[in-house]
Structures are given as structure tokens and as C-alpha cells.
Protein chains: 2
Amino acid sequence: MTDWNVYLVTQQRHSKGRDTREIVRAAIAGGVNVVQLREKDVPARERYELGLDLRELTRDSGVPLIVNDRVDIAQAIDADGVHLGDEDLPVEVARDLLGEDAIVGRSVSFVEDAREAERAGADYLGVGAIYATGSKDDIDDEEHAIGLDRLESICEAVSIPVVGIGGVDASNAAMVAATGADGVAVITAITGATDPEAATRALGDAVETGRRR
Amino acid sequence: MTDWNVYLVTQQRHSKGRDTREIVRAAIAGGVNVVQLREKDVPARERYELGLDLRELTRDSGVPLIVNDRVDIAQAIDADGVHLGDEDLPVEVARDLLGEDAIVGRSVSFVEDAREAERAGADYLGVGAIYATGSKDDIDDEEHAIGLDRLESICEAVSIPVVGIGGVDASNAAMVAATGADGVAVITAITGATDPEAATRALGDAVETGRRR
Ligand code: NI
């Protein structure tokens, strides 16, 4: 069973010049629970090559690796699954291609969409953007902050795991977890941190704190 | 065995407001030999949905359907294969995912790359850009016109089918075919034509004329 406490979404461009492999290695040392290869602005060939390296790093440490959008890259690098948004292939199609054992995640912002994704067979939900972040390229739909009340409603509406995403960092991760969310998904809170390993650990501690509330 | 005489690459944005389904229907009526779903600027979900429709149209008429770049969309719509460029997944990876019967094509502009693609298992090559077209978004690398001599060298260097692409229309398709190329690949020569069916037929006639030379 996958733990969802701290879910890292990679983004080379927001890693302060450091390579994504270096960020992922540090996040693993800091106890990251899931890694998603995103890098939407990088060509497929380069994402594939990066993915092969991340697969090696994550497999060695037993961390699930998810690929954003591209089911074919997930297959090619033997990832554990895919994460899909509104503009990506439907959950059912990804399931057909990847099989029952794959992890298929879905981004949603509304209770009805969350229920629909669960019915369609999603294994978990990325819910957000919780907080507005200003950097539109970070996370799908993040320009519309949904807040903690909506997140809580979604957590109550579905029985699959939920991770809150969008503007989450160590200062608010406890509140996110206190809504009933299973974890937090972040980009820059880890990729942009001076010490990504410590940042990952701080996020994990905050999630644990919030969960006990 | 696939005939390659006239290979249509779809591009909604260059179809003068007409739907790609309408263009493909007309091209089929005009005798098109292969259709490639490209639409790089359209989200995966929309490409998938368009692809399902194109699959129905092309299957009914026995025309092979190829998907640009996305192996997963090709799988999802049961296309006949994929067309890959330098920035897409490697030919060998697509072959692994799609199997021996799939058509895997590769864009190349140089003799050495053509030989390498053939060795990697490509079933055909899209070679270009033959002529400069000015519309940079049309076809990969089209900004660098390679001309007919280079095309001829590539045709001589490989034994797999070659289609010339980039700035090809009914006025120069015969010359392209006269180099030994198996056909011509076009976007706007069909999608931008007042009568796409007649344009397809004119291209086919020109290729036949050039081949007899
Ligand atoms: Ni170009």
C-alpha cells in the first residue's frame, strides 16, 4: 500500500539549476513517498531518458514513480503509473493500456469531478490548487485556489487517497493534512529548497502533525 | 503492403476553419494513401477523440492511420502506427510498445540518420523539409530545406519507403517522386486547398507522373 504523505512533482525549470536527479535523490533521502515525473515543457525523448534514471533511483528505494500525462512514457520506463488531468487521456483509457496493477491518478478541483474520477477507476486524486501560487505553469488549474473547505469536502466525498496540491509548503502542510487529505503534493517546496532533503522531511513532519489533529 | 503516394498530415489550424474530419473524408475520396494525426498543439484528450473518429473513417476505407509522437494515443485509438521525430520516443521503444506489426515511421533530414533509423527498425522515413515553407510550425525541421539531391541520396541509401515532406504541392510532387521517393507527405497542399479531394487526386497524379520519369 502506497503512503501519500509527501508527493514530489519534478520540475527541472524550478530546481534552481540543479538536475532533477539530484533533487529526487535528496527527496528520497528525506523520506519522500511518491515521485511524479512531470516536466511538461521537456520533449518526450528527454523525459524518457530522465524517467529511466528516476526509475532506477526510485526502484532502489522502493518509492513509486508516476508519469504525468504520457502513458507511453510510463510504459517505456516501467513506471508505477500515470497522473492525468482534464486535457489528458481518460482514466479508463490509461487503465486499459496500463492494466489493473498500475496507479492511475487524476487532478480534480470539484466534488463532482472527484466522484466521477473515483467511479472511472482512479486510484488517487490530486486536489487543488489549494492555495494560489502565482506561477501558472506549476500545476494544472492552480490559478483557481479552492481552499481547505473544498479539499475537506472532496476528502469526505471519496474513499480513494487524496493529496492536496498548489501552494503547499511546510508552513501549511499540517492544515492540509488536517482536512483528512492523505498527503501533500509539491513542486517548489522541494525543488526550490536550499536543502531539498530537509524540506522533504519538514513536509513529512508537518503532514504527520496535521493528521494527529 | 502500404502505398505511400499521398500521405496526409492533419492540422486543424491550417484547414481554413474546416474540421479535420471533413478534410480527411475528402482526402479519402481523393485517394489518399496514408493519414497521420498530428495536431501537436491540441491537448491529448482532444487528439484522442479526433483520433477515434479518424480511425473510423480510415478503417472503413482501408487507409492506414498513423499518430504523430504519442504511442499511447496510437494504442488507445488502435491506429496502425506512429511517426517519430528527434524529440520523440526512440524507434526501438515504440516498437517494443506497439509490436512487430505496427508501422513505425521516423523523420530524418540526413543520410546517416536515415541509415540509423532503418537499422533501428523504422518501417518508413519522412524526409525533409524538401522545400522551405516559411510556416515553421508545419513540419519538424522544415526551416532547413534539404532539396531534391539530398532526398535522392537518402532514397538510394535505404531500402525502406521514403516520403518527401515540406513545401510539397501538386506543382513539384512529380519532381519529388522522380528522385525515387515512394510518395509525398503534405499538410496545407490538402488541408488548405479549396477542394481537398481534387487536391489529393492532383498530388496522386503528379506522383505517378514523376515515378514514370
Ligand atoms: Ni518546425
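Being a predicted model, the structure only gives us computed values, none of them experimental.

> Quick question: what am I supposed to make of the side chain of D72 of chain B here?
Topologically, D72 of chain B is positioned in helix α3 (residues 71-76). At 2.8 Å, the side chain of D72 of chain B and the backbone nitrogen of V71 of chain A are in polar contact. Aside from chain neighbours lying at most four places away, what touches D72 of chain B is D69, R70, V71, D72, L89 and L97 of chain A.

> Quick question: what am I supposed to make of the UniProt feature "binding site: Mg(2+)" (unreviewed entry) in chain A here?
Per the UniProt record, "binding site: Mg(2+)" (unreviewed entry) is found at D69 and D88 of chain A. Taken along the chain, the residues just named run across 20 residues; in space they keep tight, none of their C-alpha pairs more than 5.7 Å apart. Residue position: D69 of chain A is located in the loop between β3 (65-68) and α3 (71-76). The residues contacting D69 of chain A, other than those within four sequence positions of it, are K40, H83, L84 and D88 of chain A together with A44, R70 and D72 of chain B. Position of D88 of chain A among the secondary structure elements: in the loop between β4 (81-84) and α4 (91-98). Judged by its relative accessible area of 4%, D88 of chain A falls in the buried class. Those residues within four positions of D88 of chain A in sequence are excluded, and the remaining contacts are K40, N68, D69 and H83 of chain A together with A44 and R45 of chain B. Of note is the side chain of D88 of chain A, whose polar atom sits 2.7 Å from the backbone nitrogen of G85 of chain A.

> What should I look at first to understand the interface of chain A and chain B in this one?
How big an interface is tends to be reported as the loss of accessible area on association of its parts. Counting residues at the interface gives 20 residues for chain A, matched by 19 residues for chain B. Here chain A meets chain B over a buried area of about 1,700 Å², counting both sides, of which 58% is carbon and sulfur. Considering only the side of chain A, the residues that lose the most area to chain B are R45, D72 and L89 of chain A, jointly responsible for 32% of the buried surface there. Put simply, chain A and chain B have 2 salt bridges between them. For D69 of chain A, the salt bridge is made with R70 of chain B, and the minimal N-O distance between the two is 3.2 Å. Mapped by element, the contributors of at least two residues to the side of chain A that touches chain B are α2 (44-60), α3 and α4 of chain A. With 5 residues, the single largest contributor to the side of chain A that touches chain B is α3 of chain A.

> What should I look at first to understand the pairing of strand β5 (residues 103-108) of chain B in this one?
On a regular strand, one side chain projects to one face of the sheet and the next to the other, so that they alternate. All names here are of chain B. Counted residue by residue, β5 has 6 buried out of 6 residues, so it is predominantly covered. Side chains I103, G105 and S107 of β5 all project onto a buried face; the interleaved residues V104, R106 and V108 project onto the opposite face, where all are buried too. Once the chain exits strand β4 (residues 81-84) it traverses helix α4 (residues 91-98) before rejoining the sheet at β5, and the crossover so formed is right-handed. With 4 bridges connecting them, β5 and strand β6 (residues 124-128) associate as parallel partners.

Definitions and limits used
Along each chain, residue indices are assigned from 1 in the same order as the chain's sequence is written. Just so you know, chain letters begin at A and ligand numbers begin at 1, following the order they were written in. Owing to the predicted nature of the model, reporting of local features is limited to residues with pLDDT of at least 70; listing and counting of side-chain atom pairs is limited to 80 or more, with chain, interface and lining totals taken over all residues. Side-chain measures were taken over the full set of non-hydrogen atoms in the model, leaving aside hydrogen atoms and water. Numbering of helices and strands starts at the N terminus; helices are DSSP runs of H or I of at least 4 residues and strands are runs of E of at least 2. In the analysis that follows, any N or O atom pair within 3.5 Å is treated as a polar contact, provided that within protein one partner can donate a hydrogen and the other can accept it, and provided that, for residues neighboring in sequence, both atoms belong to side chains. Contacts were defined at the residue level, with two residues in contact if any of their heavy atoms lie within 4.5 Å. UniProt positions are given in the numbering used here, feature names are shortened, and annotations may be inferred rather than shown by experiment. Burial classification: accessible surface area is computed with a 1.4 Å probe over protein chains only, and a residue below 20% of its type maximum counts as buried, one above 50% as exposed, and the rest as partly exposed. Put simply, buried area is how much 1.4 Å-probe accessible surface two parts lose in total, over both of them, once they are put together. By salt bridge we mean one thing: a side-chain nitrogen of Lys or Arg within 4 Å of a carboxyl oxygen of Asp or Glu. Look down the strands so they point away from you; if the path from the first strand over the helix to the second goes clockwise, the crossover is right-handed. Pairing between two strands requires that DSSP report at least two bridges joining them.

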